[in-house]
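Report on the structure
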Amino acid sequence: MTPAARLQAAIELLAEIEKSARPADSAASAYFRDRRYIGAKDRRAVAEVVWRVLRRKARLDWWLAFMEHPDRDNLSGQWGARARVFADMAFEGIAPEPDLFKGQHSPYRPEPHELRVMEMLAEQKSMFHRDMPPHVRGEYPEWLTPRLTALFGDKLIDEMGAMRDEAPLDLRVNALKATRDEAARALAKEDIKSVPTPHSPLGLRLARRVPLVQVQAWRDGLVEVQDEGSQLVALLTDAQPGMAVVDYCAGAGGKTLCLAAAMANKGRLVACDVAEWRVDRAGDRLRRAGVHNVTKRVIGGESDKWIKRAAASFDRVLVDAPCTGTGTWRRNPDAKWQLGEKDLLELVERQKLILDSAARLTKKGGRLVYATCSLLAEENEAQIGDFLIRHPDYRVIPVPELWAAVIGTPCPVPGPYLRLSPLAHGTDGFFGAFLEHA
Ligand SMILES: C[S@@+](CC[C@H](N)C(=O)[O-])C[C@H]1O[C@@H](n2cnc3c(N)ncnc32)[C@H](O)[C@@H]1O
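Residues numbered from 1 in each chain as written. Predicted model: local features only at pLDDT ≥ 70, side-chain atom pairs only at ≥ 80, totals over all residues. Heavy atoms only, no water.

Under an unreviewed UniProt entry, the name given to the chain is rRNA cytosine-C5-methylase, and the source organism is Paramagnetospirillum kuznetsovii. As its UniProt record puts it under Sequence similarities (unreviewed entry), the chain is described as follows: "Belongs to the class I-like SAM-binding methyltransferase superfamily. RsmB/NOP family." (UniProt positions renumbered as here; feature names shortened; annotations may be inferred.)

Here you go:
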């Protein structure tokens, strides 16, 4: 592809992502699937532009308004994508080129006034401007400002800065098949450098992203992709061999795999979800990992009869609840622009119903673990606060206590809950509450 053709593809893909209800990575997969003629190298180049623009969207839009770009009041669709891509090029130091799309029947040829804007942007020393409000600097929706300020106070800009950057690729070593050292050596044999993650004893962080399907250590089930924060939630669930455990919102089994390894394949582990297609996707991963103590169960929601039948029979119930995903913006930079306050309120209500329903499964003396990849207090501390009022028979196990017993290294959070963030811990934003059924 010519440089111009790559830019054109980036513009189209950005518009496609905006239009699609799907997350950016699945919209991108569909876009490339429909255009098999785009080779791997070109795909990477196009994706690099697209993801960079998504990470900078608020700042690019601010600059386009500041420079009075003619499209500044309507940056939706292909024309908005085009304006952002041109602005991004200017900040990347790529000289404005009147002949950018020469020889191509492209509707995207820059007009003289756009070239002027690009020239002015190219002269800026930084993408940050002293007049930018915090939500623009931090690249988050303005409506979240009061909530995020209450959480992070004077660390807000730094926290959101860490959330803007690309996340590293974390792997979890499958303890059923290898130790961390053995897995690191297997990766090294394939020229893949990794370092141990600082907090999870099972984590390896890769120096660069690699397509894992081509990696033998992954194909052999020695490692799986899992953010360090997610590993910690699963480990602190403290599932043990011989226990009865339910992963209530198991999805494609990310945490189920970690629970199964902690149980050494012994005992009963139920991977449960309302979405059959998600649970189905767990199948290959479980096989690859050599896990054979998992039963998959698709439930019809909170009134599913199985919940009644299985009431009070589990030692551990993990609820990895559907949430705003505000902790995963490093990976899904487009998700924040799709999120509205109404979504948050609906999710809080859904989480409450799910928690109450899952609590019915917990034995006396057993534990209920509630986790989200959200930063927001309504989905986390407030959700658990309300649960404890409705369920006085539960008590919070402070994370430092649990950490000492399960992980044994110095606990990186003050407790009582597990609250992780990219700036403070180098993980995605995660929350975990560990409750004992008295
Ligand atoms: C955060 S994801 C789970 C991710 C998964 N635990 C992992 O580690 O890969 C939340 C999951 O909750 C499921 N879910 C949504 N509503 C549910 C409900 N009412 N009961 C059970 N699961 C539900 C979704 O289908 C989704 O798979």
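On we go.
It is worth spelling out the sheet that holds strand E1 (residues 169-173) at this point. In spatial order, the strands read E2-E3-E1-E4; together these four strands make up an open sheet with antiparallel pairing. A single partner strand is all that each edge strand has here, and the edge strands are strand E2 (194-196) and strand E4 (223-225). In this sheet, adjacent strand axes meet at a mean angle of 35° when their direction is disregarded. Bridging between E2 and strand E3 (residues 203-206) involves three bridges; their strand directions are antiparallel. Opposite Ser-194, over in E3, you have Leu-206 as the bridge partner. This element, helix H9 (residues 180-189), spans E1, E2, E3 and E4 of the sheet and lies at about 25° to E3. (Pairing = 2+ DSSP bridges. Helix = DSSP H or I, 4+ residues; strand = E, 2+ residues; numbered from the N terminus. Axes fitted to C-alpha atoms, helices over the stretch in contact; angles between N-to-C directions. Contact = heavy atoms within 4.5 Å.)

Another point: the packing of helix H11 (residues 228-236) against helix H12 (residues 254-262). At a minimum axis distance of 9 Å, the contact between H11 and H12 shows a crossing angle of 45°. The angle between the axes of H11 and H12 places the two elements in the oblique class. Crossing handedness for the pair H11 and H12: right-handed. Of the residues in H12, those touching H11 at Ser-230, Gln-231, Val-233, Ala-234 and Leu-235 are Lys-255, Cys-258 and Leu-259. Per-class residue counts for the contact of H11 with H12 are five nonpolar, two polar and one charged. (Parallel < 35°, antiparallel > 145°, perpendicular 65-115°, else oblique. Left-handed = near helix turned anticlockwise from the far one by under 90°. Nonpolar A, V, L, I, M, F, W, Y, C, P; charged D, E, K, R; others polar.)

Tallied over the entire structure, the rule returns nine aromatic pairs. When the ring of Trp-62 is compared with that of Phe-66, the centres are 4.8 Å apart and the planes differ by 15°; the resulting orientation is stacked. Of the two residues, Trp-62 and Phe-66 are both situated in helix H3 (residues 40-66); the distance of four residues between them amounts to about one turn of the helix. Between the aromatic rings of Phe-387 and Tyr-394, the centroid separation amounts to 5.2 Å while the plane-to-plane angle is 65°, which identifies the pairing as edge-to-face. Residue Phe-387 is classed as buried on the basis of its relative accessible area of 0%. We classify Tyr-394 as buried; its relative accessible area is 7%. Here a set of aromatic residues connected by ring pairs shows up, and it is made of Trp-62, Trp-63, Phe-66 and Phe-91. One cation-aromatic arrangement involves Arg-35 over Tyr-31; the distance from NZ or CZ to the ring centre is 3.7 Å. Seen from the ring of Trp-218, Arg-288 lies directly overhead, with NZ or CZ sitting 3.8 Å from the centre. (Phe/Tyr/Trp six-rings, centres within 6.5 Å; stacked < 30°, edge-to-face > 60°. Buried < 20%, exposed > 50% of the residue type's maximum accessible area, 1.4 Å probe, protein only. Lys NZ or Arg CZ within 6 Å of the ring centre and 35° of its normal.)

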